[in-house]
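Read off the chains here:
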Amino acid sequence: MDSTTTEVSLEVFPYLRLYKDGTLERLAGTQVAPAGLDPQTGVLSKDVVIIPETSVSVRLYRPNIVKPGQKLPIAVYFHGGGFFISSIADPVYHNSLNRLVNDANIIVVSVGYRLAPEHPLPAAYDDCWAALHWITSHSVGTDRGEESWLADYVDFDRVFLAGDSCGANIAHHMVCRVTESDPKLKISGIVMIHPYFWGKKPIGSEVKDTFRREMVDRWWFVVCPSEKGNDDPLINPFADGAPKLEGLTACRRILVLTAEKDILRDRGWLYYEKVRKSAWGGKIEIEETEGEDHIFHILNPNTDESESLINRLASFINQC
């Protein structure tokens, strides 16, 4: 056997391994749950390829029973995974979104963007932007999209963006793009769960937690080969060249959720403070779950804390 086949050139422990011959091995986030009827919640889901050239797809979710003429809020969801693992078919995300749809009585579209390092950033952002336009094309006009679940059941006056970890990062950048490029589109709110932002200068618990700090440092260089490193505007929303926070004006409300033991916790709080003090003009809220770590509600969904988080998401969407 050629030694390059087994010789590792890059390892992002414990998620991904790249060999010198170019072979990529994902060690997590590869499991697949099929779309369909969820027997526990009664939620229906289906997959739709929206960009055949790049195989970008979405998974749509809706309650099993929708009253005739009823229009429901829609949440466009961007999954986490550091931009390099997981998918819309990942069982942990599939189960979590089934619960959210059931609790909130909403439509959800989960976006399957391309992953790094095969597709370095900004590929994921571009895919999510294309997906957002595909979704909103079903609202009005003669060129209205043909997906019946969107055209028939969605109230496009109540469009939300949501995501966990890097998905929350994507949600932030999507709103900034909306403000700049499509000001007619209004976003009712953003839900940012344990948002993945970072920076070269350590803050908060990052100062002493050097092990996890260095781990997160490495992630970014895998997904975004940028000269600016961890102060690239895509990962540090306050770095030089980042969109101004006033660029969030397409959105009226933001909910930031953090977890006490999460290495990204202090970045979530910094985001909250910076946006709250900016000239944005909307309403931002933050809530923290004590004693929990990153995306606990997805990895360990059958706890009181996880149920409380899903209920909070449902409440935020239905109260906006």
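Up top is the structure these notes are about.
Residues numbered from 1 in each chain as written. Predicted model: local features only at pLDDT ≥ 70, side-chain atom pairs only at ≥ 80, totals over all residues. Heavy atoms only, no water.

(A) Structural view of the overall build of the protein chain. If you tally the helices and strands in the protein chain, you get 9 helices and 11 strands. Counting only C-alpha atoms, the protein chain reaches 60 × 50 × 40 Å along its principal axes. Every one of the 320 residues in the protein chain was classed for burial, and the buried ones make up 54%. Taking the contacts inside the protein chain whose residues are at least 6 apart along the sequence as the reference set, 71% of them involve residues at least 24 apart. Here the protein chain has roughly 14,300 Å² of accessible surface; of this, 50% comes from carbon and sulfur atoms. (Helix = DSSP H or I, 4+ residues; strand = E, 2+ residues; numbered from the N terminus. Buried < 20%, exposed > 50% of the residue type's maximum accessible area, 1.4 Å probe, protein only. Contact = heavy atoms within 4.5 Å. Areas by Shrake-Rupley, 256 points an atom, 1.4 Å probe, with all protein chains shown as cover.)

(B) How the structure looks around the packing of helix α2 (residues 91–104) against helix α9 (residues 304–319). Between α2 and α9, the shortest axis-to-axis distance is 9 Å and the interhelical angle comes to 50 degrees. Accordingly, the angle class assigned to the pair α2 and α9 is oblique. The handedness of the crossing between α2 and α9 is right-handed. Facing Ser96, Arg99, Leu100, Asp103 and Ala104 of α2, the residues of α9 in contact are Glu307, Ile310, Asn311, Leu313, Ala314 and Asn318. Partitioning the contact of α2 with α9 into residue classes produces 5 nonpolar, 3 polar and 3 charged. (Axes fitted to C-alpha atoms, helices over the stretch in contact; angles between N-to-C directions. Parallel < 35°, antiparallel > 145°, perpendicular 65-115°, else oblique. Left-handed = near helix turned anticlockwise from the far one by under 90°. Nonpolar A, V, L, I, M, F, W, Y, C, P; charged D, E, K, R; others polar.)

(C) Quick look at the packing of helix α3 (residues 123–136) against helix α5 (residues 166–181). For the pair α3 and α5, the least separation of the axes is 10 Å and the interaxial angle reads 60 degrees. As judged from the angle between their axes, α3 and α5 are oblique. Regarding α3 and α5, the two cross each other, and that crossing is right-handed. Together, Tyr125, Asp126, Cys128, Trp129 and Leu132 of α3 and Asn169, Ile170, His173, Met174, Arg177, Val178 and Ser181 of α5 make up the contact between the two elements. Its residues placed into classes, the contact of α3 with α5 shows 7 nonpolar, 3 polar and 2 charged.

(D) Spatial organisation of the sheet that holds strand β9 (residues 189–193). Spatial strand order, β4-β5-β7-β6-β8-β9-β10-β11: 8 strands in an open sheet with mixed pairing. Every other strand in the sheet has two partners, leaving β4 (44–51) and β11 (283–289) as the edge strands with one partner each. Within this sheet the neighbouring strands show an average axis-to-axis angle of 20 degrees, counted without direction. Against the sheet, α2 touches β4, β5 (56–62), β6 (72–78), β7 (107–112) and β8 (154–164), its axis set at about 40 degrees to β5. Its contacts with the sheet place α9 against β6, β8, β9, β10 (253–259) and β11, and it is angled at close to 175 degrees to β10. (Pairing = 2+ DSSP bridges.)

(E) Here's a closer look at the side chain of His94. You can see His94 is positioned in helix α2. On the accessibility criterion, His94 (6% relative accessible area) is buried. Filtering out sequence-adjacent residues up to four positions away, His94 remains in contact with Ala33, Pro34, Ala35, Ser45, Arg59 and Tyr61.

(F) Molecular detail of the packing of aromatic side chains. Taken as a whole and judged by the stated rule, the model has 13 aromatic pairs. Here Phe83 and Tyr125 contribute two aromatic rings whose centre-to-centre distance is 5.7 Å and whose plane-to-plane angle is 45 degrees, an arrangement assigned as tilted. Of this pair, Phe83 sits in the loop between β6 and α2 while Tyr125 sits in helix α3; the two residues are 42 residues apart in sequence, bridging distant segments of the chain. Here Phe83 matches Tyr125 in class, with each residue buried. Seen from their ring centres, Phe83 and Tyr196 are 6.2 Å apart, and the 45 degrees between their planes marks the pair as tilted. Here the residue Phe83 occupies a position in the loop between β6 and α2, and Tyr196 occupies one in the loop between β9 and α6 (210–223), the gap between them amounting to 113 residues. A single burial state applies to Phe83 and to Tyr196, both of which are buried. An aromatic cluster of at least three residues, connected via ring pairs, comprises Tyr15, Phe83, Phe84, Tyr125, Tyr196, Trp219 and Trp220. Over the aromatic face of Trp149 sits the side chain of Arg62, whose NZ or CZ is 4.9 Å from the ring centroid. Across from the ring centre of Phe238, 5.7 Å away, lies the NZ or CZ of Lys274, which sits over that ring. (Phe/Tyr/Trp six-rings, centres within 6.5 Å; stacked < 30°, edge-to-face > 60°. Lys NZ or Arg CZ within 6 Å of the ring centre and 35° of its normal.)

(G) Highlighting the pattern of salt bridges. Considering all chains together, one arrives at 20 salt bridges under this definition. With its nearest N and O atoms 2.6 Å apart, the salt bridge here joins Arg276 to Glu273. In this pair, Arg276 and Glu273 both sit in helix α7 (residues 265–277), 3 residues apart, roughly one turn of the helix. Here Arg276 falls in the partly exposed class, since its relative accessible area comes to 44%. Look at the salt bridges and you will find they share partners, linking Glu206, Arg213, Asp217 and Arg267 into a network. (Salt bridge = Lys/Arg side-chain N within 4 Å of Asp/Glu carboxyl O.)

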